[in-house]
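Given next are the chains, with one letter for each unit.
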Amino acid sequence: MSLRKPIPRLKEDNYSEAAAKQRREFIEAETGVSLKHTGHYSIDPKVVEGNAENFIGVVQMPVGVAGPYLINGEHAQGVFYVPMATTEGTLIASYSRGMRVISESGGATVTVTGESMQRAPLFEFASAREALHFSQWLERELPAIRAQAESTTAIGKLQHIQSWVIANKLFTRFNYSTGDAAGQNMTGKATHKACQWILGNYPGVIENFSLSCGIETDKKHSHMNLLHSRGKKVVAEATISKDVLKDLMRADPERMVRLRQRTILGAILAGSAYNGPHSANGIASMFIATGQDEANVVESHTGIAFMDLTPAGDLYYSVTLPSIICASYGGGTGLPTQRECLEMMDCYGQDKARKLAEIIGATVLAGDLSLAAAIVSDEWVSSHDQLGRNRP
């Protein structure tokens, strides 16, 4: 069986409308599929250079808005309307319902408690003792290593290096702050420069080296990122008035806490990365709308949900999300529609990444509250049947 023809490319201007049209016509001829809707867009193909190769058009994802939502963050303060890209009926309505209940109870309090992005080199030696000596040398030489790493970036800062001796190997995590960028590429470049200096200056013998040993767990879930944040660690919390909860969600705090106690057991039994209802829904829909790297939903949805009754009988609810990887600048955030969604929340550009992370955390809280209440009030199936029926 022979391979199909190669995808057309225009060497002189591969990000032009002419190049995109040529590729669409090629795909239509090769597959027999019309690309009428894929080829209908308002952006200039040149803006996707650096974001998508072999550009042929766009996938038009429905975008709705949830809110209004009162958020009391350190960076996100005020009332927000949250853009969410999704094809799941009831999702935006459910998040809006949670936002209303939290807002009428005083709003969501959100705090960024830490942030870090990693690259994780591996160094191998003749023995464990030599690996340990090398880890001690890294600690002594941290200022010089930091200078090398930071010479490659205007905003990245090497915070510290973690290390673990396993057999005759040293597994490390170089931890950085990355400003308003997500920072995976930034930290890769910085760590590469630092490690070239290490390889040239360590007085001992390094028998093998790899820029990545896997424990940064890039675009993978891991318990490591639950304990040592990758991205921004966000805690969103709210105290929900029992009267508001009963009036608007037909649920009561006692039954909500009882449900949480039982679903925690189920999450433990399943080995879930998150013990709340559905953090990935809110994160994924916001990531797509705002031009984030959608693969980072894997790390970002990890977390811990917690409920408690207050002495007054109200419901305290919090979500801790230790690895929200988001950016307000760079990557896909500057694409036209994605930038509009960020600007809708005043989250585009410099000094806005923490604000965006707070809004994402608060949104997860609202969605979790709404879904948990729907289960308690036995409205989960009926609401999806009413709003989510879109069968071919």
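**Q** Report on the overall build of the protein, specifying residues and quantitative values.
**A** Secondary structure summary: the protein contains 13 helices and 10 strands in total. Projected onto its principal axes, the C-alpha coordinates of the protein cover approximately 70 × 60 × 45 Å. Here the protein, with 392 residues, has 49% of them falling under the buried criterion. Taking the average location of the 38 positive side-chain charges in the protein and that of its 41 negative ones, the two points are 3 Å from each other.

**Q** Break down the nonpolar core for me, citing the residues and quoting the values.
**A** Among the nonpolar cores identified, the biggest contains 56 residues, and Tyr69, Ile102, Met256, Ile359, Leu365 and Leu369 are the most heavily contacted of them. Considering every element that reaches this core, the biggest residue donor is helix H12 (residues 353–376), with 12 residues. In terms of nonpolar packing, the next biggest core, distinct from the first, is built from 20 residues, Ala131, Ala190, Ala194 and Trp197 among them.

**Q** How would you sum up the pairing of strand S10 (residues 315–324)? Please name residues and give values.
**A** S10 sits mainly inside the fold: 8 of its 10 residues count as buried. Relative to S10, strand S8 (residues 231–240) runs antiparallel, the two being bridged by 8 bridges. Looking at S10, one finds that Ile240 is bridged to Leu315. The pairing of strand S9 (residues 304–309) with S10 spans 6 bridges and is classified as antiparallel.

**Q** Run through the environment of Glu340, naming residues and quoting values.
**A** Note on placement: Glu340 falls in helix H11 (residues 336–344). Between the alpha carbons of Glu340 and Pro203 there is a distance of 53 Å; along the sequence they are 137 residues apart.

**Q** Residues and numbers for helix H9 (residues 279–290), please.
**A** Here H9 spans 17 Å end to end across 12 residues, near enough to the 16 Å set by a 1.5 Å rise per residue. Buried residues of H9: Ser279, Gly282, Ile283, Ser285, Met286, Phe287, Ala289 and Thr290, and no others. Those residues of H9 that are buried lie in contact with strand S2 (77–85), helix H2 (91–104), helix H10 (297–300), S10, H11 and H12. Looking one or two residues beyond H9, the residue adopting positive phi is Gly291, at roughly 80 degrees.

**Q** Outline a nonpolar patch on the surface, supporting the account with residue identities and numerical values.
**A** On the surface, a nonpolar cluster with roughly 380 Å² of combined accessible area is contributed by Val65, Val79, Tyr81 and Met344. With respect to the secondary-structure elements, Val79 resides in strand S2. Given a relative accessible area of 52%, Val79 falls into the exposed group.

**Q** Quick one: what's the story with the packing of H2 against helix H7 (residues 242–249), residue by residue and with numbers?
**A** Two quantities define a packed helix pair, namely the angle between the axes and the distance from one axis to the other. Taken N-terminus to C-terminus, the directions of H2 and H7 make an angle of 150 degrees; their axes are 9 Å apart at the nearest point. Taken as axis vectors, H2 and H7 run roughly antiparallel relative to one another. The two elements H2 and H7 cross, and the hand of that crossing is right-handed. Taking contact as the criterion, the partners of Arg97, Gly98, Arg100, Val101 and Glu104 in H2 are, on H7, Val244, Leu248 and Met249. Tallied by class, the residues present in the contact of H2 with H7 amount to 4 nonpolar, 1 polar and 3 charged.

**Q** Pulling in residues and values, what's your account of the packing of helix H3 (residues 128–140) against helix H4 (residues 142–150)?
**A** Axis separation between H3 and H4 bottoms out at 5 Å; the angle between their running directions is 70 degrees. Looking at the two axes, H3 sits roughly perpendicular to H4. Contact residues: H3 offers Leu138, Glu139 and Arg140, while H4 offers Leu142, Pro143 and Ile145. Its residues placed into classes, the contact of H3 with H4 shows 4 nonpolar, no polar and 2 charged.

**Q** Explain H4 to me, using residue names and the numbers behind them.
**A** Where H4 is concerned, the buried positions are Leu142, Ile145 and Ala149. All buried residues of H4 fall inside an arc of 65 degrees around its axis, so they share one side. Looking at the buried side of H4, the elements it contacts are H3, strand S5 (157–166), strand S6 (169–177) and helix H5 (184–201).

**Q** Account for the side chain of Asp252, naming residues and giving values.
**A** By the secondary structure assignment, Asp252 is in the loop between H7 and helix H8 (253–270). Among buried Asp, Glu, Lys and Arg side chains, Asp252 stands out as unpaired, with Arg255 the closest opposite charge at 4.3 Å. One polar contact links the side chain of Asp252 to the main-chain amide nitrogen of Glu254, over a distance of 3.2 Å. Here the side chain of Asp252 touches Arg255 through a polar contact of 2.9 Å, landing on its backbone nitrogen.

**Q** So what's going on with the packing of aromatic side chains? Residues and values would help.
**A** This structure, assessed with the given rule, holds 11 aromatic pairs. Aromatic side chains Phe125 and Tyr202 sit 6.3 Å apart centroid to centroid with 75 degrees between the ring planes, which places their arrangement in the edge-to-face category. Residue Phe125 is found in the loop between strand S4 (122–124) and H3, and its partner Tyr202 is found in the loop between H5 and strand S7 (208–210); the two are separated by 77 residues along the sequence. Tyr202 shares its class with Phe125; the two are buried. Here Tyr329 and Tyr348 contribute two aromatic rings whose centre-to-centre distance is 6.3 Å and whose plane-to-plane angle is 50 degrees, an arrangement assigned as tilted.

What counts, and at which threshold
- Residues numbered from 1 in each chain as written.
- Predicted model: local features only at pLDDT ≥ 70, side-chain atom pairs only at ≥ 80, totals over all residues.
- Heavy atoms only, no water.
- Helix = DSSP H or I, 4+ residues; strand = E, 2+ residues; numbered from the N terminus.
- Buried < 20%, exposed > 50% of the residue type's maximum accessible area, 1.4 Å probe, protein only.
- Lys, Arg positive; Asp, Glu negative; His and termini not counted.
- Charge placed at Lys NZ, Arg CZ, Asp CG, Glu CD.
- Core = buried A, V, L, I, M, F, W, Y, C linked by side-chain atoms within 4.5 Å.
- Pairing = 2+ DSSP bridges.
- Expected span 1.5 Å × (residues − 1).
- Contact = heavy atoms within 4.5 Å.
- Patch = residues over 30% accessible without salt bridge, like charges linked within 9 Å, V, L, I, M, F, W, Y side chains within 5 Å.
- Areas by Shrake-Rupley, 256 points an atom, 1.4 Å probe, with all protein chains shown as cover.
- Salt bridge = Lys/Arg side-chain N within 4 Å of Asp/Glu carboxyl O.
- Axes fitted to C-alpha atoms, helices over the stretch in contact; angles between N-to-C directions.
- Parallel < 35°, antiparallel > 145°, perpendicular 65-115°, else oblique.
- Left-handed = near helix turned anticlockwise from the far one by under 90°.
- Nonpolar A, V, L, I, M, F, W, Y, C, P; charged D, E, K, R; others polar.
- Arc of directions from axis to C-beta.
- Polar contact = N/O pair within 3.5 Å; in protein donor to acceptor, adjacent residues only side chain to side chain.
- Phe/Tyr/Trp six-rings, centres within 6.5 Å; stacked < 30°, edge-to-face > 60°.

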